[in-house]
Amino acid sequence: MQLAENTHTINDESQVLVLDLTPFGFKFSLKLWPWDQQLLLKREYTNGDIESLEGNIGFSIDQIAFTPGGDEWIASIPPLLVERVKPFPETSIYMLSLAASNRNARQLLELRPALLYLICNEYPLDREKSLELCQYGQREILRILGFSHSKAALRFLDRLDITFDTRSSHTLVTRLLHPIAERYRLFGHYPIITHQSLQLDMVLPGLTGSNLAINLSESKLKSRIKLPTLLNDTLMMGVNLGLTEPMRYLRKLRTVEDVSALHDSWIRAQNRKHYVPCPTHKKPYQIVFTGTEYIQPLTNYFELRDEGEEQRHCVGAYHARVLNDEYQVFKVTAPERVTMGVRMIRRPDGRKYYEIDQVQAKCNRRPLEETLQALYAWLEGEKQRMNL
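Rules used in this analysis
- Residues numbered from 1 in each chain as written.
- Predicted model: local features only at pLDDT ≥ 70, side-chain atom pairs only at ≥ 80, totals over all residues.
- Heavy atoms only, no water.
- 1 Å grid on protein atoms, 1.4 Å probe; cavity = no way out; pocket = protein on both sides within 12 Å on 5 of 7 lines; lining within 4 Å.
- Points joined across faces, edges and corners; volume = space filled by probe spheres on them.
- Helix = DSSP H or I, 4+ residues; strand = E, 2+ residues; numbered from the N terminus.
- Nonpolar A, V, L, I, M, F, W, Y, C, P; charged D, E, K, R; others polar.
- Buried < 20%, exposed > 50% of the residue type's maximum accessible area, 1.4 Å probe, protein only.
- Pairing = 2+ DSSP bridges.
- Axes fitted to C-alpha atoms, helices over the stretch in contact; angles between N-to-C directions.
- Salt bridge = Lys/Arg side-chain N within 4 Å of Asp/Glu carboxyl O.
- Domains from an automatic or database assignment.
- Contact = heavy atoms within 4.5 Å.
- Buried area = accessible area lost by both parts, 1.4 Å probe.
- Polar contact = N/O pair within 3.5 Å; in protein donor to acceptor, adjacent residues only side chain to side chain.
- Core = buried A, V, L, I, M, F, W, Y, C linked by side-chain atoms within 4.5 Å.
- Phe/Tyr/Trp six-rings, centres within 6.5 Å; stacked < 30°, edge-to-face > 60°.
- Lys NZ or Arg CZ within 6 Å of the ring centre and 35° of its normal.

Q: Explain empty space enclosed by the protein residue by residue, including any values.
A: Over the atoms rolls a probe the size of a water molecule, and its path tells where empty space is left. Counted according to the given criterion, the structure contains 4 cavities of 30 Å³ or more. Of the pockets and cavities examined, the largest cavity occupies roughly 110 Å³. Lining the largest cavity are 13 residues, with His313, Val315, Thr339, Gln358 and Gln360 positioned closest to its centre. Listing elements by their share of the lining of the largest cavity, those giving two or more residues are β8 (327-332), β9 (338-346) and β10 (352-360). Here the lining of the largest cavity gets 3 residues from one element, more than from any other, and that element is β9. Here the residues of the lining of the largest cavity sort into 6 nonpolar, 6 polar and 1 charged. Volume-wise, the second largest cavity comes out at about 50 Å³. If you go around the second largest cavity, the residues you meet are Gln286, Val288, Asp325, Glu326, Tyr327, Gln328, Val342, Met344 and Tyr354. Of all the elements in the fold, those that place two or more residues in the lining of the second largest cavity are β8 and β9. Each residue belonging to the lining of the second largest cavity can be placed in one class, and the counts come to 5 nonpolar, 2 polar and 2 charged.

So, in structure tokens, the structure goes:
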């Protein structure tokens, strides 16, 4: 099987990009040949030894652009291919080097870069195996990689609008391609599939495929940022109101504004009902941070409920989390009137880590930047004082 169209040795180093890593404690430099010389990748040690690199080099195409000579080196690569690899920073140079030396790999990069990314991720240090896999048909490649290999799976990859800059991005995508579950089929009507769409499916899978979830994939960034908290709070209130399937109410909605309206209506219903979530409502809360004159911790369910009624939001639904030492809620009166929620995260070593989860003014309005800065500074000071 022929893996590359041109395998003769290239000795011309006049256009080679050299990345000297010795100032950073490494004992070698990276040498990158230009596109018309197959974009060879080599490591040259300070003792003169040279070895070929079989996988990625640890630098993205954008990082190389900031190195001396990087722009000229990138200019040797077809512009379309430079654009194709930008969503895959960790494997971008590896993908380009395969495309530079093999016609099939280049075709994959041009037509379905996500598929070439999956190959590189499966064989990060085995260039020969990656090139071998590029010779197969696209559905067969998916099958060999252990994924569902339908035409719908390929179309799912085409609609992805995410950056594979973390391991979680890879996991969110590949779990949907499982050959038995084939959960990617639920995204069949999505015009684009964003990172928010994938995260929403992980946290609230019951919404996937609904009009609301599809519209959210195209909504403005500001709406997407506030969505997780809004959805979680709305569902919590639905449960507290005694609704058997609050998720079905959300599936009928279409926009973030619709969710906000439902959220506010359930707040009013909860406040009218004066709902007491469980027989533990008389138990006092454990207080971690004692607060100040202007930052006052809420100490029991009734204070929590009153805060929600006064500020017209759903903080009363957090009773169980506060009682379980997972959350602490504060009434803040300056620089402005807001409610602050601090959540606890348990580290692998058993220690607890605290961070601000949300800060909301009346009716869930966004607080002033001055208020946010003051509250974040206060919490950091408290953690340092208490050695947390």
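Q: Could you give me a rundown of helix α6 (residues 113-122), with the residues and numbers involved?
A: Taking burial as the measure, the 10 residues of α6 include 8 buried ones, the bulk of the element. Those residues of α6 that fall on the buried side of the exposure criterion are Pro113, Ala114, Leu115, Leu116, Tyr117, Leu118, Ile119 and Cys120.

Q: Residues and numbers for the sheet that holds strand β7 (residues 295-297), please.
A: Either a parallel or an antiparallel arrangement is found when strands of a sheet pair, and the pairing is made through backbone hydrogen bonds. The antiparallel open sheet is built from 4 strands, whose spatial order is β7-β8-β9-β10. Looking along the sheet, the strands with just one partner apiece sit at the ends: β7 and β10. The average undirected angle you get between the axes of adjacent strands in this sheet is 30°. One ladder, built from 6 bridges, connects β8 with β9; its direction is antiparallel. Its bridge partner being in β9, Tyr327 is matched across the sheet by Arg343.

Q: Report on the pattern of salt bridges, specifying residues and quantitative values.
A: Inspection of every chain in the model, using the stated rule, returns 17 salt bridges. Across the pair Glu110 and Arg106 runs a salt bridge whose closest N-O atoms are separated by 3.1 Å. Taken together, the residues Glu110 and Arg106, both in helix α5 (residues 103-111) and 4 residues apart, mark about one turn of the helix. Ionic pairing is found between Arg183 and Asp201, a salt bridge with its closest N-O pair at 2.8 Å.

Q: Describe the sheet that holds strand β3 (residues 41-45), naming the residues involved and giving the relevant values.
A: Taken in spatial order, the 4 strands of this open sheet run β1-β2-β3-β4, and their pairing is antiparallel. Looking at which strands have only one partner, the edges of the open sheet turn out to be β1 (17-20) and β4 (50-52). Taken pair by pair, the neighbouring strands of this sheet meet at an average axis angle of 25°, ignoring direction. Here 3 bridges tie β3 to β4, and the two strands are oriented antiparallel to one another. Paired with Glu44 across the bridge in β4 is Ile50.

Q: Lay out the domain arrangement of the protein chain with the relevant residues and their values.
A: With domains assigned, the protein chain is organised as domain 1 (17-204), domain 2 (205-273) and domain 3 (295-386). Each of domain 2 and domain 3 has a C-alpha centre, and these two points are 22 Å apart. Taken together, the contact pairs 10 residues of domain 2 with 11 residues of domain 3. Between domain 2 and domain 3, the buried area comes to about 850 Å², and carbon and sulfur atoms account for 52% of it. Applying the counting criterion to the domain 2 and domain 3 interface returns 0 salt bridges. At the junction of domain 2 and domain 3, the tally comes to 1 residue pair in polar contact (both at pLDDT 80 or more). The set of elements that each furnish at least two residues to the side of domain 2 that touches domain 3 consists of α13 (221-240) and α15 (256-273). Top element by residues in the side of domain 2 that touches domain 3 is α13. It accounts for 6 residues. For the side of domain 2 that touches domain 3, the residue count by class is 3 nonpolar, 6 polar and 1 charged.

Q: Mind laying out the nonpolar core, listing which residues take part and the relevant values?
A: By size, the foremost hydrophobic cluster in this structure holds 94 residues, and its most contacted members are Trp73, Phe156 and Leu157. Residues contacting Trp73, with those up to four places away along its chain left out, are Leu17, Leu32, Trp33, Pro34, Leu39, Ile61, Ile64 and Ile93.

Q: I'd like a description of the packing of aromatic side chains, backed by residues and values.
A: Any pair of aromatic rings gets described here by the distance separating the centres and the angle formed by the planes. This model, assessed by the stated rule, comprises 14 aromatic pairs. Between Phe289 and Trp378, the aromatic rings sit 6.0 Å apart at their centres with planes inclined by 70°, giving edge-to-face as the arrangement. Of the two residues, Phe289 sits in the loop between α15 and β7 while Trp378 sits in helix α18 (residues 369-385), which places them 89 residues apart along the sequence. Like Trp378, Phe289 is buried. Each ring, one from Phe330 and one from Trp378, has its centre 5.4 Å from the other, and the planes form 75°; the classification is edge-to-face. Here Phe330, found in strand β8, pairs with Trp378, found in helix α18; they are 48 residues apart in sequence, far enough to count as distant. As far as burial versus exposure is concerned, Phe330 and Trp378 are alike and both buried. If you follow Arg43 out to its NZ or CZ, it ends over the ring of Phe28, 4.7 Å from the centre.

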